[in-house]
Amino acid sequence: MSSANTSETFRQYLCDNVRRQGHNPARVFAGFLLAWSLFVLFWTILPPFPGLSHEGMTVLGIVLWASTMWVSSAMPVGITGISIPTLLLITRALPWENGKPPMAVIFAGFTNHVIWLCLFAFLAGAAMQLIRLDRRIALSILARLKASSVGRIIWGMFFVNIVLGFLVPAANARAATLLPVVQGICNLMGDTPEERSAKKAIVIQSLVYGSMICGMFIMTAHLPNMILVGIFDKGGFTNLNYLNWALLQLPYLGMFVLTQIWIRHYFKTSGIHIAGGEASIREKSRALGPMTLSEKTLLAVFLLAGVMFMTGKGSFIFELHRQPLGVIGLLGILLLFAPGLLPCSWKAIQEKTIWGTFLLLGGAMTMTTAMTQSGLAQWLADIIHALVTGMSWWQAVLALMVGTHVIRLGMLSNVAAVAMLAPVVFAMAPKLGLHPVAFTMLVCDTDTFAYILPTQITAAVIASGTDTFTPGDYAKAGCVSVCIAIAYGLCIMAPWYALWGMPVWDPAAPWPF
């Protein structure tokens, strides 16, 4: 065989493997080459930009490398995440001391207590899926709400999302959990134009909008929340515990009312009923039988952990202990795997655990630390500051919200986007005379509602697998939903933060927690 034939065979082999993984070879290989080219260009070829140190320039190269890898799906998100500390180490992007690398900073994302809180949530969520407690909760709520119409089903799934938000971390995990339930409901419907529209509304609202909105309210239900808490904690804004977070983000649940009004109007689902829907849901719920001891045990572990989360340092209900959230998570893991407590083997649980997301979160948190330590975040903040100088607080927030949605058109990961955006916004707030926490939350929270393309949110990718809607359907509904989210942040959330002592327009306001 000639060398040309061998080369062609190997190229075909690579392309076939990429296709088997569900990706486009042209996009993947182009992204892979571009990522490494940008990394080398900013690390070794280009001189530092004015005002940016060599270390900051190198970190910028790593940020562009990671962003390109994430956008193109050239590498698994978890592998990209764990590679960020690796590149920080080999490039000496952060200053070494006495010939030794700053390992504590390089792996900061994997030593922050927040990451261990997430690990507990991931492991407990995996156990819940194995013993099918998630399915029981979903069907029980739908049965009790007598979900027979499209509206009742959507509202029922919204309450399911809230409950699962306390138990299943990450919106993509909840969407995957609810996918078979939603598909079962859609299968009860026919194929008339009205019923097809109803399916679109149910899938988009239940798997995408509901999952994302509920994630804002519960600290561990949405991984970007963890990144924000970590940044605030390092910036001196401490004691933002589980309960305080829920109170700050509570009004976001009301946004579902507005999206439901819009989706019902757009897909014209008012008055559409599902023949046999209520009976089918009741039948499936009864088929699960009585609640098992293993389900009750796992639910008790969740409830105990929830009480500990809400009564930690700074709780205004009752301060039972002063341990960080991550330590409570580690104690929860110890309890979860006590001998004989659950029927699931470690092998089964680890197979269900979203390890890639765990590595992505650790790498993303490391990247936020590196951007701050190297001066890159401050440098980017200075550039953006020049663009919004002279604007009022709401104009600055609006400009950055819109800019965020433009950037997010090409990114799948909320975690990756917030990891890049949050440190820059946090550093920019003092320059604009705005409250760092309120400003950062308003801008970064809007990233969650990237509803224009299905490829912007993993939950939307999962929902698109139902084949109930087209990208065009999703985009037309999503454009208005994004506008609703932006307006909601400015008109509802900003005054709410001010009510709790965090007025975005007052950087000197004392920290209320």
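In what follows, the accompanying structure is described. The shown structure was predicted, so the numbers you read here are calculated from the model rather than taken from an experiment.

Counting its regular elements, the protein chain contains 25 helices and 0 strands. By the compact-globule yardstick of 24 Å for 513 residues, the protein chain fits well, its C-alpha radius of gyration being 23 Å. Over its C-alpha atoms, taken along the principal directions, the protein chain stretches across nearly 75 × 70 × 55 Å. For the protein chain, buried positions account for 55% of its 513 residues. Of the contacts formed within the protein chain by residues at least 6 apart in sequence, a portion of 76% connects residues at least 24 apart. Side chains of the protein chain carry 30 positive and 20 negative charges; the gap between the two charge centres is 5 Å.

Take the nonpolar core next. Core analysis: the largest hydrophobic core is formed by 173 residues, its most contacted members being Phe 439 and Tyr 451. The contacts of Tyr 451, once residues within four sequence positions are left out, are Val 208, Tyr 209, Met 212, Ile 213, Gln 456, Ile 457, Tyr 474, Gly 478, Ser 481 and Val 482.

Moving on, we get to the packing of aromatic side chains. Evaluation of the coordinates by the stated rule reveals 29 aromatic pairs. With 6.2 Å between their ring centres and 90° between their planes, Phe 237 and Phe 426 make a pair best called edge-to-face. On the criterion of sequence distance, the pair formed by Phe 237 in the loop between α12 (223–234) and α13 (242–249) and Phe 426 in helix α22 (residues 414–432) is long-range, its members being 189 residues apart. In terms of burial, Phe 237 and Phe 426 fall into one category: buried. Joined through ring pairs, the aromatic side chains of Phe 32, Trp 36, Phe 39, Trp 43 and Trp 65 make up one cluster. Against the face of Trp 96 rests Arg 92, its NZ or CZ located 3.6 Å from the ring centre.

With respect to the helices and strands, the residue Thr 68 is situated in helix α3 (residues 54–72). A polar side-chain atom of Thr 68 sits 2.7 Å from the main-chain carbonyl oxygen of Leu 64. If near-sequence neighbours (up to four positions away) are discounted, Thr 68 is found in contact with Gly 31, Leu 34, Ala 35 and Leu 38.

Moving on: the pattern of salt bridges. The final tally for this structure, using the stated rule, is 6 salt bridges. Across the pair Asp 382 and Lys 431 runs a salt bridge, and its minimum N-O distance is 2.7 Å. Residue Asp 382 is found in helix α20 (residues 376–388), and its partner Lys 431 is found in helix α22; the two are separated by 49 residues along the sequence. Among the residues examined, Asp 382 registers a relative accessible area of 34% and is labelled partly exposed. For Lys 431, a relative accessible area of 37% puts it in the partly exposed group.

The next subject is the packing of helix α14 (residues 255–267) against helix α25 (residues 471–499). The interhelical angle for the contact between α14 and α25, taken along N-to-C directions, is 150°, at an axis separation of 10 Å. As judged from the angle between their axes, α14 and α25 are roughly antiparallel. Crossing of α14 against α25: the hand is right-handed. Contacts between α14 and α25 pair Met 255, Leu 258, Trp 262, Ile 263, Tyr 266 and Phe 267 from the former with Asp 473, Lys 476, Ala 477, Val 480, Ser 481, Ile 484, Ala 485 and Tyr 488 from the latter. Of the residues contributing to the contact of α14 with α25, the split by class is 11 nonpolar, 1 polar and 2 charged.

Taken N-terminus to C-terminus, the directions of α3 and helix α4 (residues 77–90) make an angle of 170°; their axes are 10 Å apart at the nearest point. Considering the angle they form, α3 stands roughly antiparallel to α4. Residue-level inspection shows Val 59, Ile 62, Trp 65, Ala 66, Met 69 and Trp 70 of α3 in contact with α4, the latter providing Val 77, Thr 80, Ser 83, Ile 84, Leu 87 and Leu 88. Looking at the contact of α3 with α4, its residues break down into 10 nonpolar, 2 polar and no charged.

Quick look at helix α9 (residues 150–167) now. In an α-helix, one turn spans 3.6 residues; hence positions three or four apart end up facing the same way. An ideal rise of 1.5 Å per residue puts 26 Å on 18 residues; α9 measures up with 26 Å between its terminal C-alpha atoms. Among all positions in α9, only Val 150, Ile 153, Ile 154, Gly 156, Met 157, Phe 158, Val 160, Asn 161, Ile 162, Leu 164, Gly 165 and Leu 167 are buried.

As for its position among the elements, Trp 155 is in helix α9. Taking relative accessible area as the criterion, Trp 155 reaches 27% and is therefore assigned partly exposed. Considered as a pair, Trp 155 and Ile 202 are 47 residues apart in the sequence and their alpha carbons are 9.6 Å apart. Residues within four places of Trp 155 in sequence aside, it is in contact with Phe 256, Val 257 and Gln 260.

Tracing the backbone shows Leu 331 in helix α17 (residues 325–336). Looking at Leu 331, the relative accessible area reads 47%, which means it is partly exposed. For the pair Leu 331 and Gly 151, spaced 180 residues apart in sequence, the C-alpha separation works out to 41 Å.

What follows is about helix α11 (residues 193–217). For α11, which comprises 25 residues, the first-to-last C-alpha distance of 35 Å matches the rise-based estimate of 36 Å (1.5 Å per residue) to within 8%. If you look at α11, its biggest bend is around 35°, right at Gln 205.

Here we come to unusual backbone geometry. Of note, the phi angle at Ser 73 is positive, near 60°, even though the residue is not glycine. Position of Ser 73 among the secondary structure elements: in the loop between α3 and α4. By relative accessible area, Ser 73 is classed as partly exposed at 23%. Within the chain, Asn 239 stands out as a residue other than glycine whose phi angle is a positive 65°. In this structure, Asn 239 sits in the loop between α12 and α13. For Asn 239, a relative accessible area of 22% corresponds to the partly exposed category.

Here we take up a nonpolar patch on the surface. On the surface, a cluster of nonpolar side chains totalling about 310 Å² of accessible area is made up of Phe 10, Tyr 13 and Leu 14. With respect to the helices, strands and loops of the structure, Phe 10 is situated in helix α1 (residues 3–20).

Per the stated rule, a full pass over the model turns up 0 disulfides. Distance from the sulfur of Cys 491, which forms no disulfide, to the nearest cysteine sulfur (Cys 483) is 12 Å.

How each quantity is defined
- Residues numbered from 1 in each chain as written.
- Predicted model: local features only at pLDDT ≥ 70, side-chain atom pairs only at ≥ 80, totals over all residues.
- Heavy atoms only, no water.
- Helix = DSSP H or I, 4+ residues; strand = E, 2+ residues; numbered from the N terminus.
- Rg over C-alpha atoms; globule rule 2.2 N^0.38 Å.
- Buried < 20%, exposed > 50% of the residue type's maximum accessible area, 1.4 Å probe, protein only.
- Contact = heavy atoms within 4.5 Å.
- Lys, Arg positive; Asp, Glu negative; His and termini not counted.
- Charge placed at Lys NZ, Arg CZ, Asp CG, Glu CD.
- Core = buried A, V, L, I, M, F, W, Y, C linked by side-chain atoms within 4.5 Å.
- Phe/Tyr/Trp six-rings, centres within 6.5 Å; stacked < 30°, edge-to-face > 60°.
- Lys NZ or Arg CZ within 6 Å of the ring centre and 35° of its normal.
- Polar contact = N/O pair within 3.5 Å; in protein donor to acceptor, adjacent residues only side chain to side chain.
- Salt bridge = Lys/Arg side-chain N within 4 Å of Asp/Glu carboxyl O.
- Axes fitted to C-alpha atoms, helices over the stretch in contact; angles between N-to-C directions.
- Parallel < 35°, antiparallel > 145°, perpendicular 65-115°, else oblique.
- Left-handed = near helix turned anticlockwise from the far one by under 90°.
- Nonpolar A, V, L, I, M, F, W, Y, C, P; charged D, E, K, R; others polar.
- Expected span 1.5 Å × (residues − 1).
- Bend = angle between axes of the 7 residues up to and from the residue.
- Patch = residues over 30% accessible without salt bridge, like charges linked within 9 Å, V, L, I, M, F, W, Y side chains within 5 Å.
- Areas by Shrake-Rupley, 256 points an atom, 1.4 Å probe, with all protein chains shown as cover.
- Disulfide = S-S within 2.5 Å.

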